[in-house]
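Residue strings, one per chain:
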Amino acid sequence: MFKETFKYYKSRNPPPNFKNVIDFRNPDFSKVRKISTDVNNIQNVNDVNKLGLKPINDWNIYELINVPGLIYIENPFTVLGQRYWIIKCLKDFSRKPNKLNLDAHSLLEGNESWWETCFRNPEKKNDLLTKLRWATQGYHHNWDTKNYSEDSKTEMSKELCNLTEFLATVLHFVEFQAEAAIINYYRMNSTLAGHTDHSEINIEAPLFSISFGQSAIFLIGGHSVNDTAEAMFLRSGDIVVMSKQSRLCYHGVPRILSAYIQPWECDRKFDDHNFRDHITNNDEDWLKAKSYIQEARINLNVRQVLKKG
């Protein structure tokens with residue numbers, strides 16, 4: 001069933017009908033349930049101001065009824081928060097010593113920066129801009145062996161650790177530690193085939209997946225490819241957390257969609273002045289990043305690899 005549903009939403013001719021796709025901006029409560037959060041029991045609740053997040057009381061959090069442990073947070077980021085993390089994904093997380101898919105093709109020289117090379121060298125820009133597909137940090141996932149190794153490990157971004165560990169605290173996941181990250185860079189015709197994330201030693205810890213840029217259809221099934229699958233819209237800023245029974249479910253992205261909601265531009269409800277003091281991004285960086293995400297989606301996913309101790 002998963003493969004059939006994946007093919008359906010991937011199809012270009014004929015195009016799919018999206019009427020059965022779960023839209024959390026107009027939730028169907030026969031398929032999802034809303035989760036409440038007790039802010040009074042959360043330490044460091046004011047960290048939202050340092051992470052580009054809205055006040056927790058304004059978050060909308062849901063769980064899929066048919067996929068226990070699959071949690072969805074509707075865009076908890078402010079406008080500046082979206083811009084900050086989009087730039088981090090493009091400018092900082094694509095730098096050495098992080099590993100890139102480009103490394104195998106010798107498209108960058110030495111410690112040359114993908115971001116800076118794209119915008120400094122017009123001859124390379126068009127070629128390089130679309131060829132970055134993934135970057136890894138922390139424990140680097142070996143795509144051939146599907147394993148992690150102490151011999152292939154770099155530092156995790158402190159800001160990224162702070163963000164995901166704060167999210168874990170809000171959702172009451174105790175002692176979560178961010179130890180590996182994969183940043184996927186999708187073009188409009190990209191897909192991500194159905195798979196399970198089972199390489200980590202600690203599969204009890206949740207997996208955090210954050211979307212930025214253009215929208216996507218996200219497909220989540222069961223523990224077998226023969227199980228039925230649910231489709232859901234993911235828009236910029238939305239977060240999916242795979243935990244409990246959902247942690248080893250088949251999932252994938254059969255389709256990227258043009259975003260009709262652009263929360264990096266249009267949501268001015270929340271005052272970002274507290275976050276502004278913590279960022280150093282400039283307008284030039286944002287104009288470059290904005291140009292990039294008009295034709296791309298970024299997926300930032302973070303996981304814990306080891307068991308405590």
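Enquirer: Any details on the overall build of the chain? Residues and values, ideally.
Expert: When you go through the chain residue by residue, the secondary structure sums to 8 helices and 13 strands. Seen through its C-alpha atoms, the chain measures out along the principal axes to roughly 50 × 45 × 45 Å. For the chain, long-range pairs separated by at least 24 residues make up 78% of all intrachain contacts whose partners lie at least 6 apart in sequence. Charge centroids of the chain, computed over 39 positive and 38 negative side chains, lie 4 Å from each other.

Enquirer: Describe the packing of aromatic side chains, with residues and values.
Expert: Evaluation of the coordinates by the stated rule reveals 16 aromatic pairs. Summarising the aromatic geometry, the rings of F18 and F233 are spaced 6.2 Å apart at their centres and angled 65° between planes, so their arrangement reads as edge-to-face. A residue pair is termed long-range when its members are at least 10 positions apart, and F18 in the loop between α1 (2-10) and β1 (32-35) and F233 in strand β10 (residues 230-234) qualify at 215 residues. The class of F18 is partly exposed, set by a relative accessible area of 28%.

Enquirer: Tell me about the pattern of salt bridges, and please be specific about residues and values.
Expert: For the coordinates displayed, the defined rule picks out 20 salt bridges. The salt bridge partner of D92 is K88, with a shortest N-O separation of 3.2 Å. A residue pair is termed a helical-turn pair when its members lie 3 or 4 positions apart in one helix, as D92 and K88 do in helix α3 (residues 79-92) at 4 residues. Using a relative accessible area of 28% as the deciding quantity, one classes D92 as partly exposed. Since its relative accessible area comes to 9%, K88 is described here as buried. Between K288 and E284 there is a salt bridge; the shortest N-O distance is 3.4 Å.

Enquirer: An account of the layout of surface pockets is requested, with residue identities and associated values reported.
Expert: Its boundaries defined by the atoms lining it, the largest pocket holds a volume of some 490 Å³. In terms of lining residues, the largest pocket is bounded by 28 residues, among which W143, L192, H195, D197 and R303 are the most central. Put simply, the parts of the chain that give the lining of the largest pocket at least two residues each are β6 (180-187), β7 (192-195), β8 (207-213), β11 (239-242), β12 (251-257) and β13 (296-303). Partitioned by chemical class, the residues of the lining of the largest pocket number 12 nonpolar, 11 polar and 5 charged.

Enquirer: Could you give an account of the packing of α3 against helix α6 (residues 158-170), naming the residues involved and the relevant values?
Expert: Two numbers describe how α3 lies on α6: the axes approach to 12 Å, and their chain directions differ by 130°. With respect to α6, the element α3 is oriented oblique. Two packed elements cross with a definite hand, and for α3 against α6 that hand is left-handed. Contacts from Y84, W85 and K88 in α3 reach E159, L160 and L163 in α6. In terms of residue class, the contact of α3 with α6 is made up of 4 nonpolar, no polar and 2 charged.

Enquirer: Give me the lowdown on unusual backbone geometry, citing residues and values where you can.
Expert: Note on backbone geometry: most residues besides glycine have negative phi, and most peptide bonds are trans. Going from N13 to P14, the amide bond is cis rather than trans, its omega being 5°. Relative to the assigned elements, P14 resides in the loop between α1 and β1. Look at the link from K96 to P97: it is a cis peptide, with omega at 10°. Residue position: P97 is located in the loop between α3 and β4 (99-100). One non-glycine residue with positive phi stands out, namely H172, at about 65°.

About the thresholds
- Within each chain, residue numbers correspond to sequence positions counted from 1 in written order.
- Residues qualify for local features only when their pLDDT is at least 70, as the model is predicted, and side-chain atom pairs are given and counted only at 80 or more; totals for whole chains, interfaces and linings, by contrast, use all residues.
- As a rule here, side-chain values come from all non-hydrogen atoms in the structure, and water together with hydrogens is ignored.
- Numbering of helices and strands runs from the N terminus, with a helix taken as a DSSP run of H or I at least four residues long and a strand as a DSSP run of E at least two residues long.
- Contacts: residue pairs with any heavy atoms within 4.5 Å of one another.
- We count Lys and Arg on the positive side and Asp and Glu on the negative side, and we leave His and both chain ends out.
- Charge positions come from single atoms, namely NZ of Lys, CZ of Arg, CG of Asp or CD of Glu.
- The rule is short: rings of Phe, Tyr and Trp, with Trp giving its six-membered ring, pair when the centres are within 6.5 Å, and they are stacked under 30 degrees, edge-to-face over 60, tilted in between.
- Classification of residues uses two cut-offs on accessible area relative to the type maximum, computed with a 1.4 Å probe and protein chains only: under 20% is buried, over 50% is exposed, and between them is partly exposed.
- The salt bridge definition used is simple: a Lys or Arg side-chain nitrogen within 4 Å of an Asp or Glu carboxyl oxygen.
- Using a 1 Å grid laid over the protein atoms alone, points where a 1.4 Å probe fits but cannot get out form a cavity; open sets with protein on both sides within 12 Å along at least 5 of 7 lines form a pocket; any residue with an atom within 4 Å of a point counts as lining.
- Grid points are joined across faces, edges and corners, and a volume is the space filled by probe spheres set on the points.
- Under the grouping applied here, Gly and all other residues not named as nonpolar or charged are polar, the nonpolar ones being Ala, Val, Leu, Ile, Met, Phe, Trp, Tyr, Cys and Pro and the charged ones Asp, Glu, Lys and Arg.
- In this analysis an axis means a line fitted to C-alpha atoms, helices contributing only their contacting stretch, and an angle means the value between N-to-C directions, from 0 to 180 degrees.
- Put simply, angles under 35 degrees are roughly parallel, angles over 145 are roughly antiparallel, angles from 65 to 115 are roughly perpendicular, and the rest are oblique.
- When the near helix sits turned anticlockwise from the far one by under a right angle, the crossing is termed left-handed; a clockwise turn instead gives a right-handed crossing.

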